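Coordinate analysis (summary)
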Amino acid sequence: MNPACGRTLTVTLTLCTDLSPADWIAGSELPWNDLVTFGPAGFGAYARLRFLPDPVRSGQNENDAEGQEWRDEQLPRLFEVLATATTTPGDCYFAVWDGFARAVPRVTVAEAPKLEVPARDYWLFRGPLAEAGNWGAAAGWPGHYDLDDEEPAFVWPADRAWCVARDVDPHWAGIGGDAALIERLVADPRLDVVATEHGDAPLPYR
């Protein structure tokens, strides 16, 4: 147990002051845009969870995409499946982009250190996968940051069985794991998941 991340790992999230669990991300030599969209290299297989269909032409606007409302509810389902693909579902890490807070005028500077990669800084939280999103209730969190509706940029369990990366711009999230997990996600009818190679990004929306 890491005291810097709090004493309770099964009840609530805690704000981490020890960032060493994220060294595999902070120390990555990948191009930053590949890192923040696909996560660390080294997994046996990768996939993309699509929140919108991929663009069919260069310069396409998101407003022209034929999306379905069910796509907005995919992250809870994804985490439900991923919880069964790790030995530590009650002990996971969540990196939340600090850019969300900068958009809120009343935010003050957090004392907790941040996970830094080129072009992005994150607060690191620890706790059960089922608690994803409850940042405002996290132990050690100052309480005046309006982050409760924000989604994590990186999620991974303590055993590193998989990693989910979702940057603020793409219409999809990257997932790394073993081949069996990726096949399972692709086959799930409640998820729009397509297998891919690390770094193989589709056309972006304008």
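The preceding data block contains the structure.
Reference entry: report on the structure contained in this document. As the structure is a prediction and not an experimental result, all values here were calculated from the model.

Criteria and cut-off values
Residues numbered from 1 in each chain as written. Predicted model: local features only at pLDDT ≥ 70, side-chain atom pairs only at ≥ 80, totals over all residues. Heavy atoms only, no water. Salt bridge = Lys/Arg side-chain N within 4 Å of Asp/Glu carboxyl O. Helix = DSSP H or I, 4+ residues; strand = E, 2+ residues; numbered from the N terminus. Buried < 20%, exposed > 50% of the residue type's maximum accessible area, 1.4 Å probe, protein only. Phe/Tyr/Trp six-rings, centres within 6.5 Å; stacked < 30°, edge-to-face > 60°. Core = buried A, V, L, I, M, F, W, Y, C linked by side-chain atoms within 4.5 Å. Contact = heavy atoms within 4.5 Å. Axes fitted to C-alpha atoms, helices over the stretch in contact; angles between N-to-C directions. Left-handed = near helix turned anticlockwise from the far one by under 90°. Nonpolar A, V, L, I, M, F, W, Y, C, P; charged D, E, K, R; others polar. Pairing = 2+ DSSP bridges.

What follows is about the pattern of salt bridges. Going through the model one piece at a time under the given rule, you end up with 12 salt bridges. The shortest N-O distance in the salt bridge between Asp 188 and Arg 77 comes to 2.5 Å. Highlighted residues: Asp 188 in the loop between helix H5 (179-187) and strand E9 (193-196) and Arg 77 in helix H3 (residues 74-82), separated in sequence by 111 residues. When sorted by exposure, Asp 188 lands in the same class as Arg 77, which is buried. Arg 126 is the salt-bridge partner of Asp 91, the closest N and O atoms lying 2.7 Å from each other.

So, about the packing of aromatic side chains. Per the counting criterion, the structure on display carries eight aromatic pairs. Ring geometry for Trp 24 and Phe 43: centres 6.1 Å apart, planes at 70°, overall edge-to-face. Of the two residues, Trp 24 is situated in helix H1 (residues 23-26) and Phe 43 in the loop between helix H2 (32-38) and strand E2 (45-50); the sequence distance between them amounts to 19 residues. When the centroid spacing of 5.1 Å and the interplanar angle of 40° are considered together, the rings of Phe 125 and Trp 135 count as tilted.

As a further point, take the nonpolar core. By size, the foremost hydrophobic cluster in this structure holds 32 residues, and its most contacted members are Leu 49, Leu 78, Leu 82, Phe 125 and Leu 185. Breaking this core down by element, the ones donating at least two residues are E2, H3, strand E3 (92-97), strand E5 (120-127), strand E8 (172-177) and H5. The biggest single contributor to this core is H3, with five residues. If you look at the next biggest cluster of nonpolar residues, it comprises 21 residues, including Ala 22, Val 36, Tyr 46 and Tyr 122.

With that settled, consider the environment of Trp 172. Here Trp 172 lies in strand E8. Given a relative accessible area of 4%, Trp 172 falls into the buried group. When neighbours within four sequence positions are excluded, Trp 172 is seen to be in contact with Thr 37, Phe 38, Arg 48, Leu 49, Arg 50, Phe 51, Arg 166, Ala 201 and Pro 202.

So, about the packing of H3 against H5. Running from amino to carboxyl end, H3 crosses H5 at an angle of 145°, the nearest separation of the two axes being 11 Å. Where H3 crosses over H5, the two elements pack in a sense that is right-handed. Taken together, the residues of H5 that come into contact with H3 (itself represented by Leu 78, Val 81 and Leu 82) are Leu 181, Arg 184 and Leu 185. Partitioning the contact of H3 with H5 into residue classes produces five nonpolar, no polar and one charged.

What follows concerns the pairing of strand E6 (residues 154-157). Across the two faces of E6 the burial is the same, with Phe 154 and Trp 156 and Val 155 and Pro 157 all buried. Pairing of E3 with E6, which is carried by four bridges, proceeds in the antiparallel orientation. Within E6, the residue paired with Phe 94 across the bridge is Val 155. Inspection of the sheet shows E6 paired to strand E7 (residues 163-165) by two bridges, in the antiparallel sense. Across the sheet, residue Val 155 finds its bridge partner in E7, namely Val 164.

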